[in-house]
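Structural characterization, general
Residue strings, one per chain:
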Amino acid sequence: MINNVANKKKILIGTVLSFTENPFHYGLTDSVNIAENTAVLIDGNKIKEIGSPNQLVASAPDAEVYNFQEKLLMSGFIDAHAHYPQTPIIASWGKRLIDWLNTYTFPEEEKYGNSKYAEKIAELYLNFLISNGTTSVSTYCTTHPESVDAIFSTAQRRNMCVVAGKNAMDRNAPKALLDTPQSAYDESKKLIHKWHRTGRLRYAITPRFSPTSSPEQLSMLGELWAEYPDCLMQTHLSEQVDEIEWVKSLFPNSRDYLDTYEQFGLLGANAIFGHAIHLKKREIDRLRDVGAGVVHCPTSNTFIGSGLFDMEHIQKQKIPVGLATDTGGGSSFSMLRTMASCYEIAQLRNNALHPAQLLWLATMGSAKALHLEKEIGNLKVGYIADVIAIDLKSTDVITQRADLAIDIWEAIFPTLMMGDDRAIAATFIAGDLVHSKKM
Ligand code: GUN
Ligand code: ZN
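Keep in mind that what you see is a predicted model, and the values were worked out from it rather than measured.

1. Here we look at the nonpolar core
- Membership of the largest hydrophobic core comes to 139 residues, with the highest contact counts inside it found for Phe77, Tyr84, Phe273, Leu287, Met339 and Leu359.
- In terms of residues, this core owes the most to one element, helix α14 (residues 355–369), which gives nine residues.
- Listed in part, the seven residues of the second largest apolar core include Ile13, Ala39, Leu41 and Ala63.

2. Remarks on the side chain of Ser334
- For Ser334, the location among the structural elements is in the loop between β13 (321–323) and α13 (335–348).
- One polar contact links the side chain of Ser334 to the main-chain amide nitrogen of Leu336, over a distance of 3.0 Å.
- Not counting chain neighbours up to four residues away, the residues in contact with Ser334 comprise Asn132, Thr325, Gly419 and Asp420.

3. Structural notes on the side chain of His81
- Along the chain, His81 falls in strand β5 (residues 77–83).
- By relative accessible area, which is 2% here, His81 ends up buried.
- At a separation of 3.3 Å, a polar atom in the side chain of His81 contacts the side chain of His83.
- When sequence neighbours within four positions are dropped, the list of residues in contact with His81 reads Ser138, Tyr140, Thr235, His236, Gly274, His275, Val295, Cys297, Ala324, Thr325 and Asp326.

4. Re the site of ligand 1
- The immediate surroundings of ligand 1 are formed by 13 residues, with His83, Gln86, Arg208, Glu239 and Asp326 found nearest.
- Between ligand 1 and Gln86, the relevant distance is 2.8 Å, taken from an oxygen atom to a side-chain nitrogen or oxygen of the residue.
- Glu239 places a side-chain nitrogen or oxygen 2.7 Å from a nitrogen atom of ligand 1.
- The protein chains hide 100% of the 270 Å² of surface that ligand 1 would expose on its own.

5. A closer look at the packing of aromatic side chains
- Scanning the model with the defined rule gives 13 aromatic pairs in all.
- For the pair Tyr257 and Tyr261, a centre-to-centre distance of 5.9 Å together with 25° between the ring planes defines the contact as stacked.
- Tyr257 sits in the buried class, given a relative accessible area of 3%.
- An aromatic cluster is defined as three or more aromatic residues linked by ring pairs; in this entry it consists of Tyr84, Tyr112, Tyr117, Tyr125, Phe128 and Phe333.

6. Focus on the coordination of the zinc ion (ligand 2)
- Taken together, the protein donors to the zinc ion (ligand 2) comprise His81 (NE2), His83 (NE2), His236 (NE2) and Asp326 (OD), at separations of 2.0 to 2.4 Å.
- Each of the four donor atoms bound to the zinc ion (ligand 2) contributes to angles spanning 89 to 164°, and the resulting shape is irregular.
- Of note, the zinc ion (ligand 2) draws all its donor residues from one chain, in the sequence arrangement H-x1-H-x152-H-x89-D.

7. Concerning helix α5 (residues 145–157)
- The terminal C-alpha atoms of α5, which comprises 13 residues, lie 18 Å apart, in line with the 18 Å expected from a rise of 1.5 Å per residue.
- Of the residues making up α5, those classed as buried are Ser147, Val148, Ala150, Ile151, Phe152, Ser153, Thr154 and Ala155.

8. As for the pattern of salt bridges
- Scanning the model with the defined rule gives 26 salt bridges in all.
- Notably, a salt bridge pairs Asp259 with Arg255, separated by 2.9 Å at the nearest N-O pair.
- Among the residues examined, Asp259 registers a relative accessible area of 4% and is labelled buried.
- A salt bridge links Glu262 to Arg255, with the nearest nitrogen and oxygen atoms 3.9 Å apart.
- Exposure remark for Glu262: the relative accessible area of 17% places this residue in the buried category.

What counts and how
- Residues numbered from 1 in each chain as written.
- Chains lettered and ligands numbered in written order.
- Predicted model: local features only at pLDDT ≥ 70, side-chain atom pairs only at ≥ 80, totals over all residues.
- Heavy atoms only, no water.
- Core = buried A, V, L, I, M, F, W, Y, C linked by side-chain atoms within 4.5 Å.
- Buried < 20%, exposed > 50% of the residue type's maximum accessible area, 1.4 Å probe, protein only.
- Helix = DSSP H or I, 4+ residues; strand = E, 2+ residues; numbered from the N terminus.
- Polar contact = N/O pair within 3.5 Å; in protein donor to acceptor, adjacent residues only side chain to side chain.
- Contact = heavy atoms within 4.5 Å.
- Near = heavy atom within 4 Å.
- Areas by Shrake-Rupley, 256 points an atom, 1.4 Å probe, with all protein chains shown as cover.
- Phe/Tyr/Trp six-rings, centres within 6.5 Å; stacked < 30°, edge-to-face > 60°.
- Donors = N, O, S within 2.8 Å, 3.2 Å for Na, K, Ca; no water.
- Tetrahedral: all angles 85-135°; square planar, octahedral: opposite > 155°, others 65-115°.
- Expected span 1.5 Å × (residues − 1).
- Salt bridge = Lys/Arg side-chain N within 4 Å of Asp/Glu carboxyl O.

Set out below in structure tokens:
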């Protein structure tokens, strides 16, 4: 399409979607702005102004102009929970969580002590994200520090905001993947010093889940987090019923699954818990009271057969909720496919999510859960210019439905239900055009 000129002023013209509030808690008209034929002026890596195309072009005559016409301009998607080393094993057949980890995941993860291999997959993975309109991710790595270096150095070259952390695992996994309480502490600390807040990168202390960490390891990671409270802490919580039973047998003195983290200092406002499906009242109350976030991983929860996340109840508690692919447990890299699955799961709980709510979850919802909402997740003046242009007529099937739309939400919804990477017309990261389709 167009030649990207780094750091040059750019004007993007299209239908601009931005949030003023959380549509789960405010009326639609109070929470979302949609403005047709509107221009976004990008100066360097930031959004400088949003306004009328004629005025902005006149005020910045040297800017490069990208006219996306009726395409939707909005924040890039933010995938709040993924496993980049599982890219090669996405869509692996026939297992549930623990069997799936042992059969497909762990053998693949054993390869990431090899920096070359880790870098190759990191590169492939970030390419998949960008072509799917995902501009930020919080990803697990493997136990190897090399796997963390690979994703951070690849993200840094692309100026992407990426959260990542070394998996800590000292039991119940193949020997080749195990660390120890001390090595998990030492290696994580070293990686924090090397990467945390280097440019747009953030470190997350990452005990994989309590079945693969001994109490000693969880305790040492709790100490590490107390030393670096500004880091995020990401892990899994209450994903499958069998897993919860296993946790009970491994931690007989814990009150519940959340307590296996809480008792070792691994619960706080900077914690994010993936899945969080089968929660007890005490767990929900504690998450709400400390301000921790949870991440809904709908394609994974259906693919691995985990269960139906209770969006309505969790939103009522005002617990921050992000949306995520959880690839390779999830079956797609696309946050559009993830929104479709999110909608379908909520329908099974008698809750029809509005397209504004789905788009919120995929952008500001994830940004808030990851504490990045002051910089990314919205198309607003002062925000970093991670912007996507979405084609609302990317396939014949979508087009014939969108053509009947009586309002903008009806025009958007078919793409949320049936769209994929074909709908992503362009992706900008920190003001640079990094992906575009022929228009
Ligand atoms: N629980 C512990 N590890 C994993 C993982 O890699 N994927 C999913 N979906 N759940 C997990
Ligand atoms: Zn996961």
